[in-house]
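# A structural walkthrough
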Amino acid sequence: MLKKLDHWVTSVEKWIISWSIIGMTVMLLANVVARSLFNSSLSFAEEVGQFFIILVTFVGVSYCARWGRHLKMTALVELLPFRVRKILVLFVTLTTSLLMFYLAYLGVQYVWQLYTFERVTPALRIPMYVIIVFVPIGFLFGGIQYIHEFVLNVRSNDIIDGTKQSKVDKEETAL
Amino acid sequence: MIWVMLVLLFLLLFIGYPMLVPLIIAPLVAALIFLPDFNTVVLIQQFVTGIKTFVLLAVPMFIFAADIMSSGKTSNRLLDFVGSFIGHIRGGYAITTAAACTLFGSISGSTQATVVAVGKPMRERLNSVGYKDSQSIPLIINASDLALMIPPSIAMIVYGVVTGTSVGELFIAGVIPGLIIFFFFAAYSYILASRKGLGQERKATWRERWVATKKAILPLGFPVLIIGGIYQGIFSPTEAAAVSVAYAFLLEVVLFKDVSLKDIPKIAESSAVVTAAVFILVSAGTALSWVLAYAKLPEEITQAVLGSDPSATYVLFMVAVFFFVGCMFVDPLVVIIILTPIFYPIAMNAGVDPVALGIIITLQAAIGSATPPFGVDIFTAIAVFQKPYQDIIKGIWPYIIILMLASALFIVFPEIITIYKMVYSD
Amino acid sequence: ETTKGEGSPEVVIRFVHEESPTSVQNSYVEAFKKTIEEKSNGSIAVEIYPVGQLGNGVTQAELLQIGAVDMGIVSPGNVGTIVPESQVMLLHFLFSDDMKVNQKVFNESPALYETLGKAFEDKGIKVLSYWTEGFMHWTTNRKIEQPKDFQDIKFRTMPSPLIVSSYQAYGANPTPVPYEQVYSGLQLNMIEGQTNPIFAIEQMKFYEVQEVLTLSRHSLYTTTTSINPEFYQSLSTDHKQVVNETIDEMKDKSFEIQRKFNKEDLNTIKENSSITITELSEQQRKKFREASEIVKQQYVDMVGGKAKEILKQLEEDVKKAEQGEPLR
Ligand code: NA
Ligand code: NA
């Protein structure tokens, strides 16, 4: 059940971020065509582009966590003995997830504020909170990924990076 | 407060947190301790503001275009062409990389976009003629600095907006220092290649050159289209990034059929992951610098350092230090917006030429962006090349030293920058 | 934290603005700081955050709303996305071409201080005063004498629907471009014209890359000095009074500042370039005024609520001021 849900969330995230990239391209191209061939610029090109960037970045928070693609520096950690590294990984994943949950909470507050002040986008006049709501959503799912990674690390004797790698798949069947 | 932040930044980074965490925790903890009435919701607002800049849109677009081209054969066709002419020269490919970064940077105006678009195909090629990643990647990251020096440059525009200096003059003034740095890089590449016996191929015959040229004709349309389109005013540099995606699509999917339409969403996904990994750090860096500005820290520190009535050279030297250090942590544009208003009046009192100041600042921003621990180009490179941090930064120091020497040269002889005034007048 | 010394202040005002250290806004805020610190004998201190260091126009307005900063220069051009009624200031040919008349309107208008002021306050922004940074003008590569001269010009505007409509009404192709890209856009002909007050045209050097500067005075670059309402309420009665007095003194001062800047900067433009400078005649202005009339109705329809009332009242206030009648 949980696995199915996770699978479903993964697909949705993947769909959102890849089509946002394609959407951005189409939007900017459409504006070039409209401006030079039809002499009528699209006043909303910039804000739609920004919307896609926000989608990619914040939905990407969770997606990158899933695949262990968040950037980090492991040079010094790799010099440490395995036991210390293991303890560090547990600590790092747990606290990172707590931070993400806290950021999700702050994000909800910001969304609420935009909702009450009724801020809209400049050209299309779409309520801003509809766009910004992806910030807390991204952090929430990111936090869930890090909790998941923490649990996988507790259960495994190995060190696991991300929740969706080949090594992990073995673990998941054991769950 | 600055010490608390620095200790947190490095400590958390070294014990293996995703970089995002130290960049958020440091300002958060510092603000909670030192700024009692700080409203933490601002952090979220700044995350969003940080990535909303229109020019940043070019970055995912160039990543996407480069991904499409490297899925197919476009970039190889181009590089075969270049290689057939200069592959036999010592360091030829490395010099080509520097030249390609200069050319591409001049259109994209973004060091990150340059790392992505030029870096991906060039790295493969350099490595195939014997370069190690620790030699090829640092070259790419640092040659990308020229994107800010050669016009049009967003960094110079922002400096112009903040100080009221003529953007046109800044653009012109950047060319000579930019070319000087290019020659430094080319010379270093030649020396490196000669000493290690790198990157030399058999000299191609004219027949081989002709074959390579024919294969490269359509891909060669790429720079022509981009540069031509921008200079004809058909599209903006940001839009040029989208046009390059369209051109890559046309070549690979429609004409050469090396990539199928079905592959496109998959390619977009990989571009999106790189974008997300980099942009979340740009976001966090913006929040970090917001907290610094809010606490008025940059002002306090500069006052302490500069004292009263400093000399022009000393001011420029301190400018270099502050911008360089700032850009090691946050996006260059953010650093320019925060630090410039503090230094500008001091520099003017000391008799510094406003254009020279702008060029020195731009150069430092560019160098800082390639410098560990948090330089944006470094994490762009990690994301694009999927190499560990330590591999990326291993060979970076010679370039940083070259750039620092160049900075020192311009600081001591700002005439090199202002020489354009002899030929340029309104 | 940063302001120490003799009789350390009881209140520190964090004041944000968007412009450079040598600008209209900064001169205003510096003068405000000097006046209020003197008036309060140092019990009020002002910390200035210039050049949008803490964020651009909208971001600053949000910071003010949540109390992260206390005061700011908040411009209707930026906050039309938060206070839709404030977009009335974007309409063309609404104010007089006589700055003296406008000064009276900005200092006293009930339409602005009461009706529009209420709309701001509903969104957590208390407007203390309205003022202007000068008339907006056009720069282009061809002469502009009548609306049809705008035909098909790729004209840079902000993305707001009302501004876009205004230029569509003249026949132009309004093209939103971020401020930082305007110079290079004009230089490379991606865009062919733009509108700004003189001081901005000088500062951004748009005159280097344009042929004609038309002193059109089609609208005013309007702005406000605003305060967080809770912060204002938290001030002691004495301090409130000092704030109010300072704001009142700054009202006329703001007009002097913009006059000085725009005059000097126009001279700089004349000295440094060969750009053709023209003015619209009364007859020509009339044509533009007629062409832009439909946008007023669009403002009323788009914004709804108090929009109609604000527009009507403001037009009456301008008329009264032109005829030298009292506004209330
Ligand atoms: Na450039
Ligand atoms: Na760089």
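Keep in mind the model is a prediction, meaning the values are calculated, not measured.

## Overview of the UniProt feature "transmembrane region" (unreviewed entry) in chain A
Residue and element names in this part refer to chain A.
- The sites that carry the UniProt feature "transmembrane region" (unreviewed entry) are, in the present numbering, residues 12-33, 48-66, 87-106 and 126-147.
- Summarising residues 87-106: 100% helix, 0% strand, and an end-to-end C-alpha distance of 29 Å.
- Along residues 126-147 the backbone is 86% helical and 0% strand, and the end-to-end C-alpha distance reaches 34 Å.

## Observations concerning the nonpolar core
- Judged by nonpolar contacts, the single largest core of 303 residues is most densely connected at Ile 132 and Phe 139 of chain A together with Val 88 and Tyr 299 of chain C.
- With 21 residues, helix H14 (residues 263-294) of chain B is the single largest residue contributor to this core.
- Each residue touching Val 88 of chain C, except ones within four places of it in the same chain, is listed here: Leu 94, Leu 116, Tyr 299, Ile 310, Leu 311 and Leu 314 of chain C.
- Membership of the second largest hydrophobic core comes to 13 residues, among which are Leu 90, Ile 163, Tyr 167 and Tyr 170 of chain C.

## Observations concerning the pairing of strand E3 (residues 71-74) of chain C
Residues and elements named next belong to chain C.
- Neither face of E3 is left uncovered, since the one carrying Met 71 and Ile 73 and the one carrying Gly 72 and Val 74 both have all their residues buried.
- Sheet topology note: the strand E1 (residues 11-16)/E3 ladder contains two bridges and is parallel. When the bridges of E3 are listed, Val 16 appears paired with Gly 72.
- Where E3 lies against strand E8 (residues 212-227), four bridges are found, and the strand directions are antiparallel. Residue pairing in the sheet places Gly 72 in a bridge with Ser 226 of E8.

## Points about the interface of chain B and chain A
- Of the residues lining the interface, 55 residues belong to chain B; the matching set on chain A comes to 56 residues.
- For the pair chain B and chain A, the two sides together bury roughly 5000 Å², of which 78% comes from carbon and sulfur.
- Together, Tyr 17, Ile 44 and Lys 52 of chain B form the three largest contributors to the area buried by chain B at its contact with chain A, with a combined 12%.
- Counting the contacts that link chain B with chain A gives six residue pairs in polar contact (both at pLDDT 80 or more).
- Of all the secondary-structure elements, those providing two or more residues to the side of chain B that touches chain A are helix H1 (2-14), helix H2 (20-34), helix H3 (41-51), helix H4 (58-71), helix H13 (237-255), H14, helix H19 (376-385) and helix H20 (389-394) of chain B.
- The greatest single-element share of the side of chain B that touches chain A, amounting to 15 residues, is contributed by H14 of chain B.
- Looking at the side of chain B that touches chain A residue by residue, the classes come out as 42 nonpolar, nine polar and four charged.

## Details of the interface of chain C and chain B
- On the side of chain B, 38 residues touch chain C, which itself brings 32 residues to the contact.
- Between chain C and chain B the total buried area reaches about 3100 Å² when both faces are included, carbon and sulfur atoms providing 59% of it.
- Linking Asp 37 of chain B and Arg 14 of chain C is a salt bridge whose minimum nitrogen-to-oxygen distance equals 3.4 Å.
- Put simply, chain C and chain B have nine residue pairs in polar contact (both at pLDDT 80 or more) between them.
- Contributing elements (two or more residues each) for the side of chain C that touches chain B: strand E2 (44-49), helix H2 (57-65) and helix H7 (182-187) of chain C.

Conventions we followed
Residues numbered from 1 in each chain as written. Chains lettered and ligands numbered in written order. Predicted model: local features only at pLDDT ≥ 70, side-chain atom pairs only at ≥ 80, totals over all residues. Heavy atoms only, no water. UniProt positions renumbered as here; feature names shortened; annotations may be inferred. Helix = DSSP H or I, 4+ residues; strand = E, 2+ residues; numbered from the N terminus. Core = buried A, V, L, I, M, F, W, Y, C linked by side-chain atoms within 4.5 Å. Buried < 20%, exposed > 50% of the residue type's maximum accessible area, 1.4 Å probe, protein only. Contact = heavy atoms within 4.5 Å. Pairing = 2+ DSSP bridges. Buried area = accessible area lost by both parts, 1.4 Å probe. Polar contact = N/O pair within 3.5 Å; in protein donor to acceptor, adjacent residues only side chain to side chain. Nonpolar A, V, L, I, M, F, W, Y, C, P; charged D, E, K, R; others polar. Salt bridge = Lys/Arg side-chain N within 4 Å of Asp/Glu carboxyl O.

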